[in-house]
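Single-letter residue listing:
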Amino acid sequence: MSDSTLWWLLAGSAVALELFTGTFYLLMLAIGLMAGALAAHAGAGSAMQLVIAALVGSAAVFGCYMVKRRKPADPSVRSMRSVNLDIGEILQIDEWRSDGTASVQYRGAQWTVIQRPGNAPAPGAYRVAELVGNRLMVDKV
């Protein structure tokens, strides 16, 4: 069996494995394996084929990682109105405790309210931004 056939079989195996696992990085490694196959077709030696496959595969994985890293993260499910109908509701908070929490009557029950970190507690109207466990995280209106 020729070197190029072996490289193509490895690339196909990586793609098939990616279909079962859903790991996108395996596709990037398959690109490296295809580069190794093309190097074999071009008549490069075994060592050069390995170097080309490793460099191209590593560059593809690194490039994919950098693109994914620059993309903003998905918003928390806890802060989506389509998941929790409390998001966006307005609360009136009369006083904050010294630990940075408040207690409000909301939907017929007593709730503990917290603010996003870095905000100073002040009485007034607040909008529910997220549900954190059994506490409401609020932003000043």
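Every value quoted in this text rests on a predicted model; they were computed, and no experiment measured them. (Residues numbered from 1 in each chain as written. Predicted model: local features only at pLDDT ≥ 70, side-chain atom pairs only at ≥ 80, totals over all residues. Heavy atoms only, no water.)

Peer 1: How would you summarise the sheet that holds strand E4 (residues 124-132) if you had to cite specific residues and measurements?
Peer 2: Here five strands make up an open sheet; going across it, the order is E1-E4-E5-E3-E2 and the pairing mixed. Edge positions in the open sheet fall to strand E1 (90-93) and strand E2 (101-106), since each of these has one partner strand only. Recorded for the sheet is a direction-independent mean angle of 50 degrees between the axes of neighbouring strands. Across four bridges, strand E3 (residues 109-115) lies against strand E5 (residues 135-140) in parallel orientation. From the neighbouring strand, Ile 114 faces E5, where its bridge partner is Met 137. (Pairing = 2+ DSSP bridges. Helix = DSSP H or I, 4+ residues; strand = E, 2+ residues; numbered from the N terminus. Axes fitted to C-alpha atoms, helices over the stretch in contact; angles between N-to-C directions.)

Peer 1: Would you mind going over the nonpolar core in detail, with residue names and values included?
Peer 2: Counting 14 residues, the largest nonpolar core has Leu 91, Ile 93, Trp 96, Val 104, Val 113, Leu 136 and Val 138 as the members making the most contacts within it. Only E1, E2, E3, E4 and E5 provide two or more residues apiece to this core. With sequence-adjacent residues up to four places away left out, Trp 96 is seen in contact with Thr 101, Ala 102, Val 113, Ile 114, Gln 115, Pro 121, Ala 122, Pro 123, Tyr 126 and Val 138. Formed by eight residues, the second largest nonpolar core is a distinct cluster that contains Ala 11, Ala 30, Ala 37 and Ala 40. (Core = buried A, V, L, I, M, F, W, Y, C linked by side-chain atoms within 4.5 Å. Buried < 20%, exposed > 50% of the residue type's maximum accessible area, 1.4 Å probe, protein only. Contact = heavy atoms within 4.5 Å.)

Peer 1: Can you tell me about the packing of aromatic side chains, naming the residues and giving the values?
Peer 2: In the structure shown here, the tally under the stated rule is two aromatic pairs. Between Trp 96 and Tyr 126 the ring centres are 5.4 Å apart and the planes differ by 75 degrees, which places this aromatic pair in the edge-to-face class. Here Trp 96, found in the loop between E1 and E2, pairs with Tyr 126, found in strand E4; they are 30 residues apart in sequence, far enough to count as distant. Here Tyr 106 and Trp 111 contribute two aromatic rings whose centre-to-centre distance is 6.1 Å and whose plane-to-plane angle is 65 degrees, an arrangement assigned as edge-to-face. Judged by relative accessible area, which is 14%, Trp 111 ranks as buried. (Phe/Tyr/Trp six-rings, centres within 6.5 Å; stacked < 30°, edge-to-face > 60°.)

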